[in-house]
Structure formats: structure tokens, C-alpha cells
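# Overview (structure and organization)
Residue strings, one per chain:
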Amino acid sequence: MKITRIETFAVPPRWLFCRVETDDGVVGWGEPVVEGRAEVVRAAVDVLAAYLIGKDPLRIQDHWQVLTKGGFYRGGPVLSSAVAGLDQALWDIAGKTYGAPVHALLGGPVRDRVRVYAWVGGDEPAELTEQITAQVEAGFTAVKMNGAGATSPVATAAETAAVVDRVAAAREVLGPDRDVAVDFHGRFTAASSRRVLAELAALHPLFVEEPVVPEHSHLLPGLVAATPVPLATGERLYGRAEFLPVLAAGIAVAQPDLSHAGGISEVHRIASLAETYGAQLAPHCPLGPIALAASLQVAFATPNFLIQEQSRGIHYNKDADLLSYLVDTEPFRFVDGHAPRGDAPGLGITIDEAAVREADRIGHTWRNPVWRHPDGSFAEW
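A few points on the structure. Only a predicted model underlies this, so the values are computations on that prediction, with no experimental measurement involved. (Residues numbered from 1 in each chain as written. Predicted model: local features only at pLDDT ≥ 70, side-chain atom pairs only at ≥ 80, totals over all residues. Heavy atoms only, no water.)

## Notes on the sheet that holds strand β3 (residues 27-30)
Taken together, 3 strands build an open sheet; the order of strands is β1-β2-β3 and the sheet is antiparallel. Looking along the sheet, the strands with just one partner apiece sit at the ends: β1 (3-11) and β3. Pairs of neighbouring strands in the sheet enclose a mean axial angle of 20°, with direction left out of account. For β1 and strand β2 (residues 15-22), the ladder comprises 8 bridges, and the chain directions are antiparallel. For A10, the partnering residue across the bridge sits in β2 and is L16. Packing against the sheet, helix α1 (residues 38-52) makes contact with β1 and β2, and its axis sits at approximately 175° to β1. (Pairing = 2+ DSSP bridges. Helix = DSSP H or I, 4+ residues; strand = E, 2+ residues; numbered from the N terminus. Axes fitted to C-alpha atoms, helices over the stretch in contact; angles between N-to-C directions. Contact = heavy atoms within 4.5 Å.)

Here it is as C-alpha cells:
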């Protein structure tokens, strides 16, 4: 079996899909994208595709080595995301070839269902109680919210109180038996995070995500030591080498993204590395159906898995949603806040190719917003 064609599709709201076809007619799908830079990743996939054409798709690990290291210059979000989507597609092909779900090829399932959480925003708290109530009524046992919008370099008393008030409102709705995760999104400096974390501890968040931007990861040991709140990070880290220092710093939860951190192959290895530090895996995934399907396959085969992000109803999805490009939405039917394990081969989903090709004719040019402080200076989004 040989790879004969590789295509990419820019589909609303902000995603990039890739399709890998073989001469035996087996097709695999992947989701290589950097949100806001889809066109750049698309070009990177085209460059890497030139190597894969004519190759055996089942030599996944060998291809991963060449795609990530064969160009001498390594890493970064664009290359790692391009490789990630291709890697997902190759695992999809392998599963379909062997007639098995990817989690079986990774060593078999360690759980029967995967806990997922729902996104409820939080930048603007006015409707937070209503949004959380709706998710609880839908059966979810955990939600995630933004801790704040644009935040001063040294958080004011009012900004700190607003974060605590929002999380307290969430805890009031959720009660003691459900969880709230709080995303700081790198919007806080280490000093501000230390101050806010002290106030949040009594509200028992499941974790606080990105308490500092990735380039300040060297400050994580001090934050870990200063708070009992579990800290999480990883959506902007792209391989084991980048996860090693943050795991050594004592983070409780590693959050690699299956569409950014080298795909199924590398995230499976990151999970094993995290396990040696007693850290849990909670893959980042505010993206489309292929990224989520890949994430779930890893989750089913990962002992130290905690919880899975998913994008149904997320505020980014304005022109299409998680279910828009699927022939059958059953794989993403969440029951009591969990995704049941399926045994369909490959990634376990069937992409509506006609819908994808039609959406690609429209395409998208999604960009994240640029925020500024009141004095006109740049603010972290």
C-alpha cells in the first residue's frame, strides 16, 4: 500500500483538515492547524506531503521521525501542527487497514468511557450562571471558564475580586460534586497569578490553566510551591522536550493538543512522560471533529488521563460546529458528561467529504483578536 494523494481543506469556522489517500482506496483524515495561521500550516503540509507520496502509510513512527527531524530545523507550532495532522491521518489509515480502533493499536483500552468538559466562557460573566446551569442539565459534570479578560500587568484589587467572584458563582451552581477548571490563558503575570491563586484555593478548582505564558515556564516552580491549586499547561508546548521542564516544575496536568504537539504519536509519548511525574493528561481541544476523535483515541489508551476538552457550543464556532462535517454524529454523543468508547476502525468517525469540499470553497481567514490595555499597549489574549 502506498500514499498517492494528500489534500488540505480550510473549513469554517477556523479549521484545517487533511486527507491522505492510498492506492488501496483507504483514506485517512487529520486536522493540522494553528488557529489564526491555517494558511501557513497548509503550506507546511504541502511541503511535507512531497516526502510522503509513494511511501507506505503504515510506517508511522519512521515517517514521524523524518517529518519532524529530516529538515534539520525542528519544532515550533507550524511544523509540529503540520506533522500532527498527517500523523492523525496515518493512524486513521492504520486502524482502517487492520480493522481496529486506534486505541487498540496503542495497546488497548484502559477505560470504557472518557470524561469530557463543556466550555462556558467567562470573559464576560453576565450569563455565566445560566450557561453553567444549562451544561449541568445536559449531564456534564465539569465545565471550564476563562478566569478573566484582558488583565493589568499587576492585577488590581477589582480584577482579582472579579476572578474570584466568577469562580464562586460557578461553584455555587456546580456544588461540591462537580468540577470547574479555570483558564488564565497566559493573561496573568506570575505575580498576579500568585495573588489570584491564593484567593481561589478555597473554591477548589479542578485545575488552573496557563497561569503564565509558555515563555515564562521557568517561573512555574515558584507558583507550584505557592499554591495548593493544581496547575495545568501545555497547549502551546509542542513536544516532550518542552514538557519535561514544566513537568519537573510540578504541574499537575499536562495539556498537549493533538493538532499541535506532533499528533497521536507524540501525545501518547508525552502522556507516558507525564505519568513518571505523577501528572495527569487533559488534552487541549477547542477544535474540530478529527482533533477530538484523535484525542479520544489517546484517552482510551492512557492510564493517567484526567478529562477531555471538546468544542461543542464554544463561542468560536459561529459558521460550523463540532458535528457539522460528520456523516454520523453518534461518536460524539456524550452520556452523563462522558464519551462512550466505540470500536469503529481508525479514528472512529466518518467525515462527510462532500461537505468538507464544499466548505473549502468558502474557506476562512480566522484571526484571534488583538487586545490592548487602556494606555494603548498590547494585552495578552
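From this point on, the discussion continues.
## Focus: helix α5 (residues 128-137)
Given 3.6 residues to a turn, an α-helix orients residues that are three or four positions apart in the same direction. All of the buried residues in α5 are L128, I132, Q135 and V136. When α5 is viewed along its axis, its buried side chains cluster within an angular range of 100° and face the same direction. Those residues of α5 that are exposed and aimed more than 90 degrees away from the buried face are E130 and E137. Lining the buried residues of α5 we find β4 (113-119), β5 (142-146) and α6 (157-174). A positive backbone phi angle near 105° is found at G139, which sits one or two residues after α5. (Buried < 20%, exposed > 50% of the residue type's maximum accessible area, 1.4 Å probe, protein only. Arc of directions from axis to C-beta.)

## Notes on the pairing of β1
Extensive coverage of β1 is indicated by the burial of 7 of its 9 residues. Once β1 ends, the chain turns through 3 residues before running back antiparallel as β2.

## Considerations on helix α3 (residues 77-98)
Here α3 is 22 residues long and its end C-alpha atoms lie 31 Å apart, about the 32 Å a rise of 1.5 Å per residue gives. The element α3 is extensively covered by neighbouring structure, given that 16 of its 22 residues are classed as buried. Following α3 by one or two positions, G99 has its phi on the positive side, about 70°. (Expected span 1.5 Å × (residues − 1).)

## Quick notes on the side chain of T68
Summarising the element assignment, T68 is placed in helix α2 (residues 60-69). Excluding anything up to four places from it in sequence, T68 contacts R74, L79 and V83.

## Re the state of the cysteines
For the structure shown, the criterion picks out 0 disulfides. Free of any disulfide, C18 has its nearest neighbouring cysteine sulfur in C285, separated by 15 Å. On the accessibility criterion, C285 (1% relative accessible area) is buried. (Disulfide = S-S within 2.5 Å.)

## Considerations on the packing of α2 against α3
Helices that pack against each other are described as a pair by the angle of their axes relative to one another and the distance between those axes. One can describe the packing of α2 onto α3 by two numbers: an axis separation of 10 Å at closest approach and a directional angle of 165°. As judged from the angle between their axes, α2 and α3 are roughly antiparallel. Both α2 and α3 take part in a crossing whose hand is right-handed. Mapping the contact onto sequence places I60, Q61, H63, W64, L67 and T68 in α2 and L79, V83, L86, D87, L90, W91 and A94 in α3. Split into classes, the residues belonging to the contact of α2 with α3 amount to 9 nonpolar, 3 polar and 1 charged. (Parallel < 35°, antiparallel > 145°, perpendicular 65-115°, else oblique. Left-handed = near helix turned anticlockwise from the far one by under 90°. Nonpolar A, V, L, I, M, F, W, Y, C, P; charged D, E, K, R; others polar.)

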